[in-house]
Amino acid sequence: NNQLRAGGGKALADALKDNKVLHELNIASNQLSLKTDAKQWSDTDMSGVLAFANAIPTMGALTSLNVSDNELGGYYKEGEDGDAEWISDMTGIKALAAAIPECK
């Protein structure tokens, strides 16, 4: 839980691109779907998740990836009445799911 957020996720994904040694990667609980300067949960930015999706196919030794608890399926947005509404956004999940079989 390093609170990488989108900016840190992009930087780490760039560093790991073409890595042929790393077997396990645990980036759980890092708020990867939030803007780096997010003040609330609706400040989403999937660029960090998408950067990992682009890096994964180049990581030839990767056999385990933990991205749990990163709010990848959507976000809460405050409505006009003050209640929080869940907004579904599967962009990151779909990109990661497509990338994993390509890991070589």
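For the structure, see preceding data.
The rules behind these values
- Residues numbered from 1 in each chain as written.
- Predicted model: local features only at pLDDT ≥ 70, side-chain atom pairs only at ≥ 80, totals over all residues.
- Heavy atoms only, no water.
- Axes fitted to C-alpha atoms, helices over the stretch in contact; angles between N-to-C directions.
- Helix = DSSP H or I, 4+ residues; strand = E, 2+ residues; numbered from the N terminus.
- Parallel < 35°, antiparallel > 145°, perpendicular 65-115°, else oblique.
- Left-handed = near helix turned anticlockwise from the far one by under 90°.
- Contact = heavy atoms within 4.5 Å.
- Buried < 20%, exposed > 50% of the residue type's maximum accessible area, 1.4 Å probe, protein only.
- Polar contact = N/O pair within 3.5 Å; in protein donor to acceptor, adjacent residues only side chain to side chain.
- Phe/Tyr/Trp six-rings, centres within 6.5 Å; stacked < 30°, edge-to-face > 60°.

A. Inspection of the packing of helix α1 (residues 5-16) against helix α2 (residues 47-55) at higher detail. Between α1 and α2, whose axes approach to 7 Å, the crossing angle comes to 15°. Classified by the angle between their axes, α1 and α2 sit roughly parallel to one another. For the crossing formed where α1 meets α2, the hand is left-handed. In contact with Ala 6, Gly 9, Lys 10, Leu 12, Ala 13 and Leu 16 of α1, α2 contributes Ser 47, Gly 48, Ala 51, Phe 52 and Ala 55.

B. Main features of the environment of Thr 91. Examined against the element boundaries, Thr 91 turns out to sit in helix α3 (residues 91-99). Thr 91 gets classed as partly exposed once you look at its relative accessible area, which sits at 40%. Sequence separation between Thr 91 and Leu 12 is 79 residues; the distance between their C-alpha atoms is 19 Å. Polar side-chain contacts of Thr 91 include one of 2.5 Å to the side chain of Asp 89.

C. Region of the structure containing the packing of aromatic side chains. Applying the stated rule across the entire model yields 1 aromatic pair. Between Tyr 76 and Trp 86 the ring centres are 4.9 Å apart and the planes differ by 65°, which places this aromatic pair in the edge-to-face class. Residue Tyr 76 is found in strand β3 (residues 74-78), and its partner Trp 86 is found in strand β4 (residues 84-88); the two are separated by 10 residues along the sequence. By relative accessible area, which is 45% here, Tyr 76 ends up partly exposed.

Function cannot be read off these values alone, since they describe shape.
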